[in-house]
Amino acid sequence: MELELIQRAVPVLLKGLGVTALLTGVSVLVGFNLGLGLALMRLSENRFLSGFAKYYSTVFRGTPLLVQLFLFYYGLGQLSFIKNSEMAWWVISDGTRCAIMALALNTAAYTSEILRGGLMSVPAGLVEAAQAAGMSRFLRFRRIQFPLAIRQALPAYGNELVLTVKGTSLASTITVLEITGYAKRLMSQTFAIFEVFAIAGALYLIINLVLITLVRMLEAHLMRHQARSR
Amino acid sequence: MEFGLWQVWEGGWIGAILRGAAITIAVGTAAMLAGLVVGIACGLIKWGRVFPLNYIVDAYTSVVRGVPELLIIYLLFFSSVEFVTRVATAFGYAGLADSGYAFTIAVIAIGAISGAYSTEVVRGALGSIPKGHIEAARALGLSGWRIFRRIILPQMLRIAVPGMNNVWQVTIKDTALVSVVGLQELMRAAFIGAGSTRNPFIFYLIAAVVYLMITLVSQVGFDRAERLLKVRSRK
């Protein structure tokens with residue numbers, strides 16, 4: 001690998017790193033909250049709410065992210081009520097915002113399944129005890145159900161974070177220049193295909209490693225009571 | 001008919017989309033099978049910690065599972081185009097951008113991705129086979145190959161079915177990515193239709209529905225396979 005090429009490729013790909021981080025950060029933030037909402041809907045007694053959450057996750061998990069992205073970016077602009085709504089148009093008209101929306105909606109579906117599993121693993125007795133102690137519904141959720149569910153769900157959620165980081169690469173297909181977008185451009189400019197792949201791939205591996213380490217640290221922090229008793 | 005549903009019918013796009021869907025399924029199936037072979041081989045290496053090879057397999061699975069699929073597809077397509085064109089011109093073929101070539105590279109790319117996920121599933125399934133079964137087989141004097149074929153493989157496949165279902169779902173969705181390098185599969189057919197009729201909404205919606213149908217139908221199939229294997233193991 002020539003030094004000149006590295007000197008040329010690394011700054012360009014680092015420029016993309018910021019965009020990839022932005023796409024990941026915002027879509028995870030939005031997606032986690034949506035996913036939590038969907039998981040609660042799925043577990044609610046209301047058949048309409050749980051049915052909606054179920055179909056939502058089936059549709060978003062059953063179709064490729066690329067199709068969702070193209071449908072939102074190219075397709076939605078055709079609908080007149082989207083065109084007329086200022087807010088919706090603001091989201092759709094820009095590649096980055098549209099990619100964030102698609103990624104957030106997509107990761108919300110997967111997150112809802114993960115959190116649902118976590119919430120279902122909370123023993124009913126604990127919730128009943130909290131109820132008997134006179135905790136309100138919200139307090140019960142905040143103090144008992146959510147903290148226990150998140151401990152159960154964290155390892156699977158770490159995998160989902162990695163999938164979201166990988167998903168951000170698809171934003172390059174709708175004109176967003178993030179790591180993969182720049183990498184493709186560099187590949188066709190320099191013909192140093194493997195070298196560019198190696199640098200871009202290393203950047204993604206570093207992002208994923210950092211995220212996984214953070215999740216592990218959070219997990220260790222939440223599970224510190226077990227480490228002490230051992 | 002507002003969003004060009006009539007145009008889809010009139011222009012004969014339904015045929016193009018169905019042909020695309022057939023190619024999507026073909027790529028997905030071929031890649032899944034290739035991935036399964038890779039996955040069983042690499043899974044065995046990882047499970048048995050075959051010394052120098054297990055590091056290579058570790059590197060392969062962590063790179064492929066940590067790097068975006070799109071980047072891997074770009075790598076394989078762009079680097080092979082150069083290579084294959086050189087070989088082809090040496091043998092006297094001029095135009096090589098035909099679909100047979102794109103299909104092969106697509107299967108290799110998606111198969112490599114699918115193989116990395118299969119490896120983890122196979123390794124997990126192998127890990128859950130009780131050690132005593134293998135020891136018992138060894139005590140009976142079965143040869144290594146027969147232990148694999150009669151004890152390890154049947155149990156492993158049964159345990160791996162739910163995991164393989166997940167791998168299949170990921171694989172079939174990943175085939176959409178090869179559309180960006182020009183293979184005429186479902187997503188590409190929708191893309192071309194969207195471009196030439198200027199009705200992207202209906203085309204991508206149809207593509208989404210077809211993908212959903214593929215994943216839902218195969219989900220039913222896998223559920224049935226799982227039930228079948230469970231019943232047989234109870235006997």
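None of the values given here were measured: they were computed from a predicted structure.

We now examine the overall build of chain B. A tally of helices and strands in chain B yields nine helices and zero strands. When its helices and strands are written in sequence order, chain B yields α-α-α-α-α-α-α-α-α. Dimensions of chain B, computed from the C-alpha atoms along their principal axes, are close to 70 × 50 × 30 Å. Counting every position in chain B, which comprises 235 residues, the buried fraction comes to 44%. Sequence-distant contacts in chain B: of pairs separated by 6 or more residues, those separated by 24 or more amount to 80%. For chain B, the exposed surface amounts to about 12,100 Å²; the carbon and sulfur share of it is 67%. For chain B, the centre of its 21 positive side-chain charges and the centre of its 12 negative side-chain charges are spaced 14 Å apart.

On to the UniProt feature "transmembrane region" (unreviewed entry) in chain A. Residue and element names in this part refer to chain A. Those places that UniProt annotates as "transmembrane region" (unreviewed entry) correspond, in this numbering, to residues 12–35, 55–76 and 191–215. In this annotation, residues 55–76 is assigned 86% helix and 0% strand; the end-to-end C-alpha distance for the span is 20 Å. As annotated, residues 191–215 comprises 92% helix and 0% strand, and the C-alpha atoms at either end are separated by 37 Å.

A few words now on the UniProt feature "domain: ABC transmembrane type-1" (unreviewed entry) in chain A. The sites that carry the UniProt feature "domain: ABC transmembrane type-1" (unreviewed entry) are, in the present numbering, residues 17–215 of chain A. Secondary structure over residues 17–215 of chain A splits into 84% helix and 0% strand, and the C-alpha atoms at its two ends are 20 Å apart.

All names here are of chain B. Mapped onto the present numbering, the UniProt feature "transmembrane region" (unreviewed entry) falls at residues 20–45, 71–94, 100–118 and 201–222. The span residues 20–45 carries 100% helix and 0% strand; its end-to-end C-alpha distance comes to 37 Å. Span residues 100–118 is 100% helix and 0% strand, its end C-alpha atoms 26 Å apart.

The next subject is the interface of chain B and chain A. Accessible area lost upon the coming together of the parts serves often as the stated size of an interface. If you look at the interface, chain B gives 37 residues, while chain A gives 35 residues. Both sides together, the interface formed by chain B and chain A hides about 3,100 Å², and carbon and sulfur atoms give 79% of it. Its largest share of buried area at the contact with chain A, chain B owes to Leu71, Lys173 and Phe201 of chain B, together 20% of the area lost on that side. In this assembly, chain B and chain A are joined by one salt bridge. Of the charged contacts in the structure, one is a salt bridge between lysine 166 of chain A and glutamate 69 of chain B, with a shortest N-O distance of 3.4 Å. Our count for the chain B to chain A interface comes out at nine residue pairs in polar contact (both at pLDDT 80 or more). At the level of secondary structure, the elements contributing two or more residues to the side of chain B that touches chain A comprise helix 3 (51–66), helix 4 (69–90), helix 8 (186–197) and helix 9 (200–234) of chain B. Ranked by residue count, the leading element in the side of chain B that touches chain A is helix 9 of chain B, at 10 residues. Of the residues assigned to the side of chain B that touches chain A, the class counts are 26 nonpolar, six polar and five charged.

Parameters and conventions
- Residues numbered from 1 in each chain as written.
- Chains lettered and ligands numbered in written order.
- Predicted model: local features only at pLDDT ≥ 70, side-chain atom pairs only at ≥ 80, totals over all residues.
- Heavy atoms only, no water.
- Helix = DSSP H or I, 4+ residues; strand = E, 2+ residues; numbered from the N terminus.
- Buried < 20%, exposed > 50% of the residue type's maximum accessible area, 1.4 Å probe, protein only.
- Contact = heavy atoms within 4.5 Å.
- Areas by Shrake-Rupley, 256 points an atom, 1.4 Å probe, with all protein chains shown as cover.
- Lys, Arg positive; Asp, Glu negative; His and termini not counted.
- Charge placed at Lys NZ, Arg CZ, Asp CG, Glu CD.
- UniProt positions renumbered as here; feature names shortened; annotations may be inferred.
- Buried area = accessible area lost by both parts, 1.4 Å probe.
- Salt bridge = Lys/Arg side-chain N within 4 Å of Asp/Glu carboxyl O.
- Polar contact = N/O pair within 3.5 Å; in protein donor to acceptor, adjacent residues only side chain to side chain.
- Nonpolar A, V, L, I, M, F, W, Y, C, P; charged D, E, K, R; others polar.

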